[in-house]
Amino acid sequence: MLQKKIIFTTLVSLALTLSVSVSASADLDDSLPFLWPLPAQFTSGNDTVSVDPALSLSVSGNGGHSTIVREAFDRYRKIIFKHSFNGFSVFRGIRSGFDIGKLNVVVHSESEELQLGVDESYSLLVAKNDGRSIIGEATIEANTVYGALRGLETFSQLCSFDYGTKSVQIYKAPWYIKDKPRFAFRGLLLDTSRHYFPVNTIKQIIESMSYAKLNVFHWHIIDEESFPLEVPTYPNLWKGAYTKWERYTVEDAYEIVNFAKMRGINVMAEVDVPGHAESWGAGYPDLWPSATCREPLDVAKNFTFDVISGILSDMRKIFPFELFHLGGDEVHTDCWDSTPHVKQWLRNHNMTAKEAYQYFVLRAQEIAISKNWTPVNWEETFNAFAENLNPKTVVHNWLGSGVCPKAVAKGFKCIYSNQGFWYLDHLDVPWDRLYTAEPLEGINDSTKQELVLGGEVCMWGETADTSNVQQTIWPRAAAAAERLWSRRESISSGNINITALPRLHYFRCLLHRRGIQAAPVTNFYARRPPVGPGSCYEQ
């Protein structure tokens, strides 16, 4: 290990000596890299190096045995050398002496635990072969396997197929990149209740998230329209699915969680209570206050909370992420007041319907906490009864600005998803508004800033299904992804039409090459097709 550290330090010193330092806020002519999101620190030079299509992997360090890194290398190798057969160029015989023949990955920790705040930092060095074999290698060094995954993504973006030589080249070498995320929580919400998404579609979305270094898949599984998830303890719940073909088994959910982990992505599940839950009653009508009052769920029956506890117990076996989303938004309690047995229960407990809403949320939080989860709730709960929320609560902003400053001022953690900027179903929000939205706006105290976990873009499903979801997500989600990953001072200065837009065009085309149906960047309405002929890099 010590020898590896010495070698890497020597290579870094060499790269810094040979390279030209680049300011991350400079205009994008020939200086900024075509990388997305922008790394925290980087230097580059003026060399071009070739990459052997037989590129091999060497993994060392305490985490050198990790299958996560090895499987990721295999995935990226197919992406980088997609113009080759079985990893070898058809025309390999006319070239020899590739500069880069091996990718060294050094992982210091053997732990593969994936939780909020896991170390995703990495260093990447790519240097030209000067006759000594070690210089003709690329090296990624990371504390965890998840940092190594982020380094592999960056390495893959540096690799470019040259159609003239029919080989993979890395331009502007030597590269030295030292990178880490700005926020621990960088999420994408997918709503699978308003429209059902097949498992393969969900996996494609998770795969695409890894390209932009997003790391939390917020799975809004259930809502009032449908209940597609299998719950073994209460097997009739998924009678609330649209059809018997539009369901997720326990095995499906396991598969999605494991698929995401292999890409360094946590899955945060959501069960939205007490509102947005009409579909529950398809299997258990007693959860409805009455046949004409189908939501919010019946606050007066212990059975309601037994079902919630059963759902959360079953889901805890599937979802290891420490955060669990309990919803709590848009709860309209009028029909509680007009349902005789609920009305009587309110009288017996000396509660108003609004107080019963608080009671319901707090009781659900207690259930989640008892199962070793940290509860996340939409901002209405904070707006209505902040002083009574469990102090562990993570407040999820969505209605507008100013909520995270208020939440962190009271000691709560916060996730930013202001609907005016980061709701992807708002098709008239252009990329630059997503790009300039700032999760720390209005928070100047550094200790309070640390309470903002990050943010997420939200893909609500009323008008999106498998036919158009990727075009609706990308490339606008990438704009938020860079805001969440890259240093604020690097991406908030200069003219973003110069410093960011060309790189976003490039990233959108990279997504295309990887099979992701990303829409044109600059269309006024998201997910519209191109308006006419033209290059991918200009639309």
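Fair warning: this is a prediction, and the values are worked out from it, not measured in the lab.

Observations regarding the overall build of the chain
So, step 1. On a plain count of helices and strands, the chain comes out with 19 helices and 17 strands.
So, step 2. A globule of 539 residues ought to have a C-alpha radius of gyration of about 24 Å, and the chain, at 25 Å, matches this closely.
So, step 3. For the C-alpha atoms alone, the extent of the chain along its principal axes is close to 85 × 55 × 45 Å.
So, step 4. A burial count over the chain gives 58% of its 539 residues as buried.
So, step 5. About 21000 Å² of surface is accessible on the chain, with carbon and sulfur atoms providing 50% of the total.
So, step 6. A distance of 5 Å separates the average location of the 52 positive side-chain charges in the chain from that of its 60 negative side-chain charges.

Re unusual backbone geometry
So, step 1. Omega for the peptide link from Val 273 to Pro 274 comes to 0°, which places this bond in the cis form.
So, step 2. Of note, the bond from Trp 474 into Pro 475 is cis; its omega dihedral lies within 30 degrees of zero at 10°.
So, step 3. Of note, Pro 475 is situated in the loop between helix 15 (469–473) and helix 16 (476–485).
So, step 4. Phi at Glu 330 takes a positive value of approximately 50°, unusual for a residue other than glycine.
So, step 5. Tracing the chain through its elements places Glu 330 in the loop between strand 13 (323–325) and helix 7 (334–338).
So, step 6. Residue class for Glu 330 comes out partly exposed when judged on its relative accessible area of 37%.

Quick look at the nonpolar core
In summary, soluble globular proteins display a tendency toward joint burial of nonpolar side chains.
So, step 1. Judged by nonpolar contacts, the single largest core of 153 residues is most densely connected at Trp 280 and Phe 319.
So, step 2. Among the elements that line this core, the one with the most residues is helix 9 (residues 353–370), at nine residues.
So, step 3. One finds Val 216, Met 268, Val 376 and Val 394 within the second-largest nonpolar core, a separate group that totals nine residues.

Thoughts on the state of the cysteines
So, step 1. The tally for this structure, following the rule as stated, stands at three disulfides.
So, step 2. Here Cys 293 pairs with Cys 335 through a disulfide, and the sulfurs are 1.9 Å apart. Of this pair, Cys 293 sits in the loop between strand 12 (266–270) and helix 6 (302–316) while Cys 335 is found in helix 7, placing the two residues 42 residues apart along the sequence.
So, step 3. On the basis of relative accessible area, Cys 335 is assigned to the buried category, the value being 17%.
So, step 4. For Cys 404, the disulfide goes to Cys 414, at an S-S distance of 2.1 Å. Handedness here is read from the sign of the S-S torsion; for Cys 404 and Cys 414, about -75°, the answer is left-handed. In this pair, Cys 404 sits in helix 11 (residues 403–409) while Cys 414 sits in strand 16 (residues 413–416), placing the two residues 10 residues apart along the sequence. The same class applies to Cys 404 and to Cys 414, which are both buried.

Side note on the confidence of the model for the chain
So, step 1. Predicted confidence across the chain gives a mean pLDDT of 92, with 90% of residues reaching 70 or more.
So, step 2. Scored below 50 in pLDDT, residues 1–29 shows 62 contacts in the model against residues more than four places distant or in partner chains.

Quick notes on helix 8 (residues 340–348)
So, step 1. Of all the residues in helix 8, the buried ones are Val 342, Trp 345 and Leu 346. With its buried residues spanning 100° around the axis, helix 8 presents them on a single face. With respect to the buried face of helix 8, the exposed residues turned more than 90 degrees away are Pro 340, Arg 347 and Asn 348.

Description of the packing of helix 6 against helix 9
So, step 1. Following both chains from N to C, one finds helix 6 and helix 9 inclined at 35°, their axes separated by 10 Å at the closest point. Viewed along their axes, helix 6 and helix 9 form a crossing whose handedness is right-handed. In this structure, helix 6 contributes Asn 302, Thr 304, Phe 305, Ile 308, Ser 309 and Leu 312 to the contact, and helix 9 contributes Tyr 359, Phe 360, Arg 363, Ile 367 and Ala 368.

Observations regarding the side chain of Lys 203
So, step 1. The residue Lys 203 is located in helix 4 (residues 199–211) in this model.
So, step 2. Of note is the side chain of Lys 203, whose polar atom sits 2.7 Å from the side chain of Glu 255.
So, step 3. When residues no more than four places from it in sequence are discounted, the contact partners of Lys 203 are Glu 255 and Phe 259.

Digging into the pairing of strand 12
So, step 1. By the criterion of burial, strand 12 is predominantly enclosed, with five of the five residues buried.
So, step 2. Neither face of strand 12 is exposed, since Asn 266, Met 268 and Glu 270 on one face and Val 267 and Ala 269 on the opposite face are all buried.
So, step 3. As paired strands, strand 11 (residues 216–220) and strand 12 are joined by five bridges and run parallel to one another. Its bridge partner lying in strand 12, His 218 is registered against Met 268.
So, step 4. Taken together, strand 11, helix 5 (residues 250–261) and strand 12 constitute a β-α-β crossover, and its handedness is right-handed.

Conventions used here
Residues numbered from 1 in each chain as written. Predicted model: local features only at pLDDT ≥ 70, side-chain atom pairs only at ≥ 80, totals over all residues. Heavy atoms only, no water. Helix = DSSP H or I, 4+ residues; strand = E, 2+ residues; numbered from the N terminus. Rg over C-alpha atoms; globule rule 2.2 N^0.38 Å. Buried < 20%, exposed > 50% of the residue type's maximum accessible area, 1.4 Å probe, protein only. Areas by Shrake-Rupley, 256 points an atom, 1.4 Å probe, with all protein chains shown as cover. Lys, Arg positive; Asp, Glu negative; His and termini not counted. Charge placed at Lys NZ, Arg CZ, Asp CG, Glu CD. Core = buried A, V, L, I, M, F, W, Y, C linked by side-chain atoms within 4.5 Å. Disulfide = S-S within 2.5 Å. pLDDT = per-residue confidence, 0-100. Contact = heavy atoms within 4.5 Å. Arc of directions from axis to C-beta. Axes fitted to C-alpha atoms, helices over the stretch in contact; angles between N-to-C directions. Left-handed = near helix turned anticlockwise from the far one by under 90°. Polar contact = N/O pair within 3.5 Å; in protein donor to acceptor, adjacent residues only side chain to side chain. Pairing = 2+ DSSP bridges. Right-handed = clockwise from strand over helix to strand, strands pointing away.

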